[in-house]
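Take a look at the letters that make up each chain.
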Amino acid sequence: MRILVLLTDLFDKFGGIQTFNRCIVNALSSLAEKNNWQVYVFVLNDKGNSSLIPKYIKSKNIVYKGFKGNKILYTLTNIFFSMKSNIVFLGHINFAPLVPFFLSNKNKRYLVIHGIDVWKKLSNLQIEGISEIDKIISVSNFTKEQMLKFNNILNTKFTILNNCLDPIFQDKNQKLYSKKELNLPNNPIILSVSRLDDADKYKKIDLVIKSMPFILKEIPNATYVIVGDGNDRPRLEQITKNISVNNNVIFTGEVPHDLLSSYYNACDVFVLPSLKEGFGIVFLEAMYYAKPCVGAKAGGIPEVIEDGVTGFLWDTGYVYSLADIIIRLLKNDDLKQSLGLAGKERLNKMFAFELFQKELENILCQ
Amino acid sequence: MCRIAGIVDFNNSLGQELEPIIVKMRDSMAHGGPDGAGIFISNDRKVALGNRRLAILDTSPLGHQPMYNKDKSIWITFNGEIFNFKETRNELRQIGYSFNSESDTEVLLYGYEEWGIDKLLPKLHGMFAFAIYDSRTPDYKLLLVRDRLGVKPLYYYQDKERFIFASEVRGIMNSGLVQNKENREALVRFLRLGSIPHPLTTIEGIYSVPAGHYMLISNEKKQMKKYWEISDYFLDTYKRSSSYNTEEIIENSKRLFTESIRLRLVSDVPVGVFLSGGIDSSSIVALSSNLREQKITTVSINFQEPSFSEAKYQRIVANRYNTDHNEVLLTSKDFLDELPKIFSSMDQPTVDGINTYFVSKIAKKLGLKVVLSGIGGDEVFLGYKHFKQAYFINSFLQFYSKVSEKYRKKLTKLFVQFGNSIGVAGKDKFEYLANPSSDNAYLLYRGLFTPLQIQKILGITELEFKAYEPAFEFLEWREDSLFKSLTHYFNYMDFYHYLNDQILKDTDFMSMAHGVEIRVPFLDHKLVEYVASIDPSLRLKGGRNKFLLSKIADTLPKEVLYRKKMGFVFPFANWLRKEWAEADMQHIEKNACDKKFLSELWNGFKQGNVHWSRIWALSVYSNFTNN
């Protein structure tokens, strides 16, 4: 069987969509060996020379190519390859308008939907493309519901394939650095991992910073560590100065992938009160290290964090309660531990890579 | 309509102090509840409720608050009106409940007992903020509820020891339990917008309960839940686009608006209508006159300054509908004499509300306790010019966003300079064009001082200013995809911000300063839900603002129906320019760093190039920061 996979980004950027794509490629790498599939992975924006390639693509049955953003070449190549493929796997809604141009209609078409890009009335071209898709794979129930809210699409066309933990995270040989080695104080650590761009203000890192004065009243040595970088960082740093919490907030900037695990491991609580997540993969990473998670009761987050079981969901709009939740967790080691362990269990039960791979195989073999 | 207050003392740390504190909080808001007062302290002394009453429905002592149910397990303190309470009461009677009073408070109480909060709220038609203490569970449980559109105010403060709430920020401050720490973030945003965006207030740690939300405070849980959201109704504009029938829409809107007015005329005390002479208040008079046998009392304000006087239109409407019409002439002396009282009535800073202060004062003098007002007409039926201009702004921004950032910044500077040279009012706001976005487009209209101006006023750097960005404190997910156009987005923001944070907030405290209840028939939720589900392009049919309203109120005389929009404005600029001494400016200057900018502003204002609201805002700002 020949499978054509169209992705926007894979190895050169880091974010929710890219992590999902890496999981797909990793899973296909094993499945291709097992089932003797021939898989072509064409990535629009990748340069094609990442050091991560051998970590994810271990089968010679996978052909990977980055198109460096050349849209014309990308389109023509895919139209050509689609003729000889049994399955076409589209990794982004923006590829849907290509489908009517496929020269063969014998192949099965799958489309993955992630989040914000489909939570709206889709363009006529996208809808036209979707009409020729066999199955829409949604990363969360929330994303599916949002797409249905604005568009007339058959409910039966959808299937859910939850995001999973990037297998690279489960590397047993990964060295974990101590707080001291990470240059972190030996204090209770609240951690967020996020891009800090202007467009990411909805992640509400500023709200966590503004909760710090309340938290410090109860736990004077609590430290908030923000991993990530972007053009919104100066604003966030300025807020910490304005409200005099700059001594208790650490901006690490971007952290190399192999160090990230150590930050998760070093924290006491993982917090990201983002208002617009389709899923929230960072929570899975925190769950892997058995950390209690705090997210917003918004978007797809309630599908990831089980309120009161694996962490707490913050009621959006209720300013003080975010601090209240963090204080409650930092003050109670037993609670912290039990929620963290329950999170790890939930991860293994629902969002493990092995389950993802099996589910993907089921979908493709249907 | 009343003022409410309460405390949850988590660990009983207040002991015997609980009672005097709740009394003090309650009585600091006596202006909003002159007809009675009461408190309740729970047996475990963890919960205290207070109420100052303005008796409107069942003015007898039977309507006393806080009110309790038969076995005294549930207590309520309530501010507002439930307009359909008789309907709900009948429903409860059929179930077997009996009632002691004719008040809506008792209906709320038993409605909650029977159905619980989630099933009760959809039944309520009205404006309300209330707290319910429920001792039926082993532990205490307090519910704090605010109406859908935020007509009635409700604020809270929380720390490790306690949860405190009140109808006014100063009610909470009068508990003496909250540190008086100025919220700079909120005050900077006041300069930016002319009012403080919710949920912030002037005091750190005090927040407003957002409109359409309720809170649950118990030992086990502390929650906030949204139960109503206007943009949910925007979704219908996608589904119904092909099935619009203009005649049907006009008929349905008229039916809902008439029903809204009918419900709001129910009262056990005299009711009047504020008549400005514009289409909003005139349409209320027109529809009211069909609903009542007795004459409607109308109240109007006029000025010596002919360009501001709307007496001609007011009289046309009063004559046409044969109202008991009352006109009062307001002079600059009246305004200046009342200034200290206006400032002291201002619970939170605002550049608006002075007009409400005076009309409420006059209503009180005329013996009216309830007055209907045209507030909300512009938001519901798209009366502001920015709704029409949005189309052009959007087209321009689409093009402008394609210009590279470097050239956009240069071009924007040129726009500002050009605006300066030809004397365009508000040209400094062109600064927002440098970063084209829906929010910045909205700030072109609703922004007060620009970021650059605020940096000058406060003497802060661009980076320091950044910490006060964005202008609105979005703490909830705003579903941007719901907005079909920039007009649609402006409409949402006027509900979310302008009505909620400014108009309704200052209408409440300015009217309560005189113990007068203002009812807002345009903000009936059934009407709002229906109209919100209609595509804005239909509400602006033929490029006309308030196209629908003009069809609904088609019995209005043509002179009124087709007159130019004026808004309910006072000649403040003339008064301030003429009467305000340099001393007032010095008072303002104390807080400002860039004296040169201030004197330019003051001179610009004196020459008529700067809008009065800028000067007024600085005065209000000084007043709040000096306190």
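Quantities reported herein were computed from a predicted structural model and do not represent experimental measurements. (Residues numbered from 1 in each chain as written. Chains lettered and ligands numbered in written order. Predicted model: local features only at pLDDT ≥ 70, side-chain atom pairs only at ≥ 80, totals over all residues. Heavy atoms only, no water.)

Notes on the overall build of chain A
So, point 1. The helix and strand tally for chain A stands at twelve helices and 13 strands.
So, point 2. Computed over the C-alpha atoms, the radius of gyration of chain A is 21 Å, within 12% of the 21 Å expected from 2.2 N^0.38 for a compact globule of 366 residues.
So, point 3. When its C-alpha atoms are laid out on the principal axes, chain A stretches across 65 × 45 × 35 Å.
So, point 4. Out of the 366 residues in chain A, the part that is buried amounts to 62%.
So, point 5. Long-range pairs, those at least 24 residues apart, make up 69% of the contacts in chain A with a sequence separation of at least 6.
So, point 6. Surface exposure of chain A reaches about 14,600 Å², of which carbon and sulfur atoms provide 50%. (Helix = DSSP H or I, 4+ residues; strand = E, 2+ residues; numbered from the N terminus. Rg over C-alpha atoms; globule rule 2.2 N^0.38 Å. Buried < 20%, exposed > 50% of the residue type's maximum accessible area, 1.4 Å probe, protein only. Contact = heavy atoms within 4.5 Å. Areas by Shrake-Rupley, 256 points an atom, 1.4 Å probe, with all protein chains shown as cover.)

Details of the interface of chain B and chain A
So, point 1. Of the residues lining the interface, 34 residues belong to chain B; the matching set on chain A comes to 29 residues.
So, point 2. Summed over both sides, the interface between chain B and chain A buries roughly 2,900 Å², with carbon and sulfur atoms accounting for 57% of that surface.
So, point 3. Our enumeration of links across chain B and chain A arrives at three salt bridges.
So, point 4. At the junction of chain B and chain A, the tally comes to eight residue pairs in polar contact (both at pLDDT 80 or more).
So, point 5. Mapped onto the side of chain B that touches chain A, the elements with two or more residues apiece are strand 8 (155-158), helix 6 (184-193), strand 11 (213-218), strand 12 (222-226), helix 8 (236-239) and helix 19 (462-466) of chain B. (Buried area = accessible area lost by both parts, 1.4 Å probe. Salt bridge = Lys/Arg side-chain N within 4 Å of Asp/Glu carboxyl O. Polar contact = N/O pair within 3.5 Å; in protein donor to acceptor, adjacent residues only side chain to side chain.)

So, the packing of helix 6 (residues 205-218) of chain A against helix 10 (residues 319-331) of chain A
Packed helices, taken two at a time, are described by their axes: the angle between them and the distance between them.
Residues and elements named next belong to chain A.
So, point 1. Axis separation between helix 6 and helix 10 bottoms out at 9 Å; the angle between their running directions is 50 degrees. By the angle class used here, helix 6 and helix 10 are oblique. When you trace helix 6 past helix 10, the crossing you get is right-handed. From helix 6, Leu-207, Val-208, Ser-211, Phe-214, Ile-215 and Glu-218 reach across to helix 10, where they touch Val-319, Tyr-320, Leu-322, Ala-323, Ile-326, Ile-327, Leu-330 and Lys-331. (Axes fitted to C-alpha atoms, helices over the stretch in contact; angles between N-to-C directions. Parallel < 35°, antiparallel > 145°, perpendicular 65-115°, else oblique. Left-handed = near helix turned anticlockwise from the far one by under 90°.)

Observations concerning unusual backbone geometry
Residue and element names in this part refer to chain B.
So, point 1. Cis geometry marks the peptide bond from Gln-65 to Pro-66; its omega dihedral reads -5 degrees.
So, point 2. Mapped onto the elements, Pro-66 comes out in the loop between strand 3 (47-53) and strand 4 (67-68).
So, point 3. The omega torsion of the bond from His-198 to Pro-199 falls at 5 degrees, within 30 degrees of zero and hence cis.
So, point 4. Note that Pro-199 resides in the loop between helix 6 and strand 10 (206-208).

Some words on the packing of aromatic side chains
So, point 1. Enumeration according to the criterion identifies 54 aromatic pairs over all chains in this entry.
So, point 2. Here the aromatic rings of Phe-279 of chain A and Phe-351 of chain A are separated by 5.5 Å at their centres, their planes lie at 80 degrees, and the arrangement is edge-to-face. Of this pair, Phe-279 of chain A sits in the loop between strand 11 (269-272) and helix 9 (281-288) while Phe-351 of chain A sits in the loop between helix 11 (333-350) and helix 12 (353-365), and the two are 72 residues apart along the sequence.
So, point 3. A relative accessible area of 1% places Phe-351 of chain A in the buried class.
So, point 4. Ring geometry for Tyr-357 of chain B versus Phe-358 of chain B: centroids 5.4 Å apart, planes at 85 degrees, classification edge-to-face. The two residues Tyr-357 of chain B and Phe-358 of chain B agree in class, both being buried.
So, point 5. Within the aromatic cluster, the residues linked to one another by ring pairs are Phe-234, Tyr-442, Tyr-445, Phe-472, Phe-474, Phe-483, Tyr-489, Phe-490, Tyr-492 and Tyr-496 of chain B.
So, point 6. Of note, Lys-344 of chain A hangs over the ring of Tyr-288 of chain A, and the distance from its end group to the ring centre comes to 4.3 Å.
So, point 7. A cation over a ring is seen here: Arg-446 of chain B above Tyr-384 of chain B, with NZ or CZ 4.6 Å from the ring centre. (Phe/Tyr/Trp six-rings, centres within 6.5 Å; stacked < 30°, edge-to-face > 60°. Lys NZ or Arg CZ within 6 Å of the ring centre and 35° of its normal.)

With respect to the side chain of Ser-140 of chain A
So, point 1. Examined against the element boundaries, Ser-140 of chain A turns out to sit in the loop between strand 6 (135-138) and helix 5 (141-150).
So, point 2. In contact with Ser-140 of chain A, other than residues within four places in its own chain, are Ile-160, Asn-162, Gly-278, Phe-279 and Glu-303 of chain A.

Things to note about the domain arrangement of chain B
Residues and elements named next belong to chain B.
So, point 1. Domain annotation of chain B identifies domain 1 (2-228) and domain 2 (232-329 + 344-382 + 488-495 + 502-559).
So, point 2. One C-alpha centre belongs to domain 1, the other to domain 2; they are set 27 Å apart.
So, point 3. With 34 residues of domain 1 in contact, the opposing surface of domain 2 contributes 35 residues.
So, point 4. Here domain 1 meets domain 2 over a buried area of about 3,100 Å², counting both sides, of which 58% is carbon and sulfur.
So, point 5. In terms of surface lost to domain 2, no three residues of domain 1 exceed Ile-56, Phe-83 and Leu-149, which account for 21% of the buried area on that side.
So, point 6. On the surface where domain 1 and domain 2 come into contact, there are five salt bridges.
So, point 7. For the salt bridge of Arg-170 with Asp-347, the shortest nitrogen-to-oxygen distance reads 3.6 Å.
So, point 8. Summed over the shared surface of domain 1 and domain 2, the number is 14 residue pairs in polar contact (both at pLDDT 80 or more).
So, point 9. When residues of the side of domain 1 that touches domain 2 are traced back to their parent elements, those giving at least two are helix 5 (169-173) and helix 6. (Domains from an automatic or database assignment.)

A few points about the packing of helix 17 (residues 438-446) of chain B against helix 20 (residues 486-512) of chain B
Residue and element names in this part refer to chain B.
So, point 1. Relative orientation of the contacting elements helix 17 and helix 20 amounts to 65 degrees, with a least axis distance of 10 Å. Where helix 17 crosses over helix 20, the two elements pack in a sense that is right-handed. Taking contact as the criterion, the partners of Ser-438, Asp-439, Ala-441, Tyr-442, Tyr-445 and Arg-446 in helix 17 are, on helix 20, Leu-486, Tyr-489, Phe-490, Met-493, Asp-494, His-497 and Tyr-498.
So, point 2. The residue inventory of the contact of helix 17 with helix 20, partitioned by class, reads eight nonpolar, two polar and three charged. (Nonpolar A, V, L, I, M, F, W, Y, C, P; charged D, E, K, R; others polar.)

Thoughts on the side chain of Thr-507 of chain B
So, point 1. Topologically, Thr-507 of chain B is positioned in helix 20.
So, point 2. A polar atom in the side chain of Thr-507 of chain B sits 2.6 Å from the backbone oxygen of Ile-503 of chain B.

Notes on the nonpolar core
Residue and element names in this part refer to chain B.
So, point 1. Residues Leu-142, Phe-163 and Trp-616 are the most contacted members of the largest nonpolar core, which totals 310 residues.
So, point 2. Ranked by the residues each element gives to this core, the list is headed by helix 20, at 14 residues.
So, point 3. Of all hydrophobic cores here, the second largest spans 26 residues; its members include Ile-117, Leu-121, Ile-132 and Leu-143. (Core = buried A, V, L, I, M, F, W, Y, C linked by side-chain atoms within 4.5 Å.)

Quick notes on the domain arrangement of chain A
Interface extent is often summarised as the accessible area lost during association of the parts.
Residues and elements named next belong to chain A.
So, point 1. Domain boundaries assigned for chain A yield domain 1 (2-164 + 353-365) and domain 2 (170-350).
So, point 2. The C-alpha-based centres of domain 1 and domain 2 are spaced at 30 Å.
So, point 3. At the junction of the two partners, domain 1 supplies 19 residues and domain 2 supplies 15 residues.
So, point 4. For the pairing of domain 1 and domain 2, the buried interface totals around 1,200 Å² over both sides, and the portion due to carbon and sulfur atoms is 64%.

Considering the sheet that holds strand 6 of chain A
All names here are of chain A.
So, point 1. Read from one edge of the open sheet, seven strands run 3-2-1-4-5-6-7, paired in parallel fashion. One side of each edge strand has no neighbouring strand; the edge strands of this open sheet are strand 3 (62-66) and strand 7 (158-160). The average angle at which neighbouring strand axes cross in this sheet is 20 degrees, direction not considered.
So, point 2. Pairing of strand 1 (residues 2-7) with strand 4 (residues 87-90) involves four bridges; the strand directions are parallel. Paired with Val-5 across the two strands is Phe-89, which belongs to strand 4.
So, point 3. In this fold helix 1 (residues 16-35) packs onto strand 1, strand 2 (38-43), strand 3, strand 4 and strand 5 (108-113), with an angle of close to 165 degrees to the strand it touches most, strand 1. (Pairing = 2+ DSSP bridges.)

Here we look at the pairing of strand 3 of chain B
Residue and element names in this part refer to chain B.
So, point 1. Among the seven residues of strand 3, seven are classified as buried, and the element is accordingly described as predominantly covered.
So, point 2. Residues of strand 3 alternate between two faces, with Val-47, Leu-49, Asn-51 and Arg-53 on one and Ala-48, Gly-50 and Arg-52 on the opposite face, all of them buried.
So, point 3. As paired strands, strand 1 (residues 2-9) and strand 3 are joined by seven bridges and run antiparallel to one another. In the strand pairing of strand 3, Arg-3 is matched with Arg-52.
So, point 4. The sheet contact formed by strand 2 (residues 36-41) and strand 3 spans six bridges and is antiparallel. Residue pairing in the sheet places Gly-38 in a bridge with Asn-51 of strand 3.
So, point 5. Between strand 2 and strand 3, which pair antiparallel and follow one another directly, the connecting turn spans five residues, one of which, Arg-45, has a positive phi of 55 degrees.

A look at a nonpolar patch on the surface
All names here are of chain A.
So, point 1. Where nonpolar side chains cluster on the molecular surface, the patch consists of Phe-80, Met-83 and Leu-103 and spans about 320 Å² of accessible area.
So, point 2. Take Met-83: it is sitting in helix 3 (residues 71-83).
So, point 3. Judged by relative accessible area, Met-83 falls into the partly exposed class, the value being 36%. (Patch = residues over 30% accessible without salt bridge, like charges linked within 9 Å, V, L, I, M, F, W, Y side chains within 5 Å.)

Some remarks on the pairing of strand 10 (residues 249-253) of chain A
All names here are of chain A.
So, point 1. Burial of the side chains of strand 10 is restricted to one face: Val-249, Phe-251 and Gly-253 are buried, whereas none of Ile-250 and Thr-252 on the reverse face is.
So, point 2. Of the pairings in the sheet, the one linking strand 9 (residues 223-227) to strand 10 comprises four bridges and is parallel in character. Note that in strand 10 the partner of Tyr-224 across the bridge is Val-249.
So, point 3. Note on the crossover from strand 9 through helix 7 (residues 233-242) to strand 10: the handedness is right-handed. (Right-handed = clockwise from strand over helix to strand, strands pointing away.)

Digging into helix 21 (residues 525-532) of chain B
Residue and element names in this part refer to chain B.
So, point 1. Counting buried positions along helix 21 yields seven of eight residues, so the element is predominantly enclosed.
So, point 2. Residues of helix 21 that are buried: His-525, Leu-527, Val-528, Glu-529, Tyr-530, Val-531 and Ala-532.
So, point 3. Two or three places before Lys-526, at the opening of helix 21, Asp-524 has a side-chain oxygen 2.9 Å from that residue's backbone nitrogen.

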